[in-house]
Amino acid sequence: MTSIAENVANVRRQIRQAALACGRDPERITLCAATKTNGPAAIQAAIAAGVDCCGENRVQEMVQKMEAGAYHGAPLHFIGHLQTNKVRQVVGKVELIQSAGRRNLLEALEKEADRQGIRQKILLEVNIGREASKSGFLPEELLAELPEFGKYPHLFAVGLMAIPPAAAYPGENLHFFQEMSQLFVDISREKYDNVTMAQLSMGMSGDYLEAIACGSTMVRLGTAIFGPRNDHPA
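A quick note: this is a predicted structure, and the numbers were derived from the prediction, not measured.

S.K.: Explain the overall build of the chain residue by residue, including any values.
M.R.: Along the chain, the regular secondary structure elements total 8 helices and 8 strands. Across its three principal axes, the chain shows a C-alpha extent of roughly 50 × 40 × 30 Å. Per-residue burial over the chain gives 49% buried out of 234 residues. Sequence separation of at least 24 residues holds for 59% of the intrachain contacts in the chain that already meet a minimum separation of 6. Here the chain displays about 11100 Å² of accessible surface, and carbon together with sulfur accounts for 50% of that area. When the 24 basic and 26 acidic side-chain charges of the chain are each reduced to a single mean position, those positions are 3 Å apart.

S.K.: Lay out the packing of helix α1 (residues 4–21) against helix α2 (residues 40–49) in plain terms, naming residues and giving numbers.
M.R.: When two helices pack together, their arrangement is given by the angle between their axes and by how far apart the axes lie. The interhelical angle for the contact between α1 and α2, taken along N-to-C directions, is 45 degrees, at an axis separation of 9 Å. Relative to α2, α1 is oriented oblique. The element α1 and its partner α2 pack so that their crossing is right-handed. Across from Ile4, Ala5 and Val8 in α1, the residues of α2 making contact are Ala42, Ala45, Ala46 and Ala49.

S.K.: Before we move on, could you go through the pattern of salt bridges and cite the residues and values that matter?
M.R.: In the structure shown here, the tally under the stated rule is 11 salt bridges. For glutamate 112, the salt bridge goes to arginine 88, with nearest N and O atoms at 3.3 Å. Placement of the pair is glutamate 112 in helix α4 (residues 103–116) and arginine 88 in the loop between β3 (76–78) and β4 (96–100), with a sequence separation of 24 residues. Across the pair glutamate 140 and arginine 130 runs a salt bridge, and its minimum N-O distance is 2.8 Å. Of the two residues, glutamate 140 is situated in helix α5 (residues 139–145) and arginine 130 in the loop between β5 (120–126) and α5; the sequence distance between them amounts to 10 residues. The exposure class assigned to glutamate 140 is partly exposed, which follows from its relative accessible area of 41%.

S.K.: Can you explain unusual backbone geometry? Please cite residues and give values.
M.R.: Positive phi is not limited to glycine here, since arginine 130 has a value of about 55 degrees. Phi is positive for asparagine 194, close to 65 degrees, though the residue is something other than glycine. Mapped onto the elements of the fold, asparagine 194 is located in the loop between α6 (174–188) and β7 (195–201).

S.K.: How would you summarise the pairing of strand β8 (residues 218–221) if you had to cite specific residues and measurements?
M.R.: The two faces of β8 match: Met218 and Arg220 on one face and Val219 and Leu221 on the other face are all buried. Alignment of strand β1 (residues 30–34) against β8, held across 4 bridges, turns out to be parallel. Looking at the pairing, cysteine 32 lines up with arginine 220 of β8.

Conventions adopted
- Each chain has its residues counted from 1, following the order in which its sequence is written.
- Where local features are concerned, this predicted model is filtered to residues with pLDDT of at least 70; where side-chain atom pairs are given and counted, the filter is 80 or more; whole-chain, interface and lining totals use all residues.
- No hydrogens and no water enter the side-chain calculation; it runs on all heavy atoms of the structure.
- The secondary structure listing takes helices from DSSP runs of H or I that are at least 4 residues long and strands from runs of E that are at least 2 residues long, numbered from the N terminus.
- Only protein chains enter the calculation, and the probe is 1.4 Å; a residue is then buried if its accessible area is under 20% of its type maximum, exposed if over 50%, and partly exposed in between.
- Contacts were defined at the residue level, with two residues in contact if any of their heavy atoms lie within 4.5 Å.
- Accessible surface is estimated by sampling points in the Shrake-Rupley manner with a 1.4 Å probe; for residues, cover comes only from the protein chains shown.
- In this tally Asp and Glu are treated as negative and Lys and Arg as positive; neither His nor the chain ends contributes.
- To locate a charge, the coordinates of NZ of Lys, CZ of Arg, CG of Asp or CD of Glu are taken.
- In this description, a line fitted to the C-alpha atoms serves as the axis of each element, helices being fitted only across the stretch in contact, and the angle between N-to-C directions of two axes falls anywhere from 0 to 180 degrees.
- Roughly parallel refers to an angle under 35 degrees, roughly antiparallel to one over 145, roughly perpendicular to one between 65 and 115, and oblique to any angle outside these ranges.
- Here a crossing is called left-handed whenever its near helix is offset anticlockwise from the far helix by less than a right angle, and right-handed whenever the offset is clockwise.
- When a carboxyl oxygen of Asp or Glu lies within 4 Å of a side-chain nitrogen of Lys or Arg, that pair is called a salt bridge.
- Here the rule is simple: two strands pair whenever DSSP picks up at least two bridges between them.

Shown next, in the form of structure tokens:
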């Protein structure tokens, strides 16, 4: 069984190869460790091995791990579905909320950031696969929302995030990544208040190399770093 440090080193090599193959700078791709169900010891091992940040999916799990010092040494992102009644536990506690994908959530985030007197960085989540089971703006909904983004002065949208449908075979998600990349470029060409396109977060353990080839600037890896999911973190 390979260690977390070995897994991170292997992932870094593959990121470098994938980036160089398409003429990109590997140093400009952020490696986010998706820490869901992994305990403090495993998370600390990943941080020691050099991941750029940690991404947590569940609010309760995040709070418990923060109290245990699990994320010490790396920026923390929230990457999971966020309910409006839990925004107070996340806003101001994480560097980046990657899953801001519906209007009522934006309103709740703005209200809480205003209450705290801060400006919260977010990514706008896009439901690029148009799946009824997933959150996120449809592309056309996002484009309609952006001209009015100035009404959220305490939010700063620094890019986009997407979770395409699960791929049954390598390359199946390529067209979704290409669509996301084009959307990212299109938005980058416009000027919207409180919006900049600095990060395109897409690609997980099964498809991150394809995502990088399509312009991803941040990959969120769990299994590739920690191995098969552990439902009982220690």
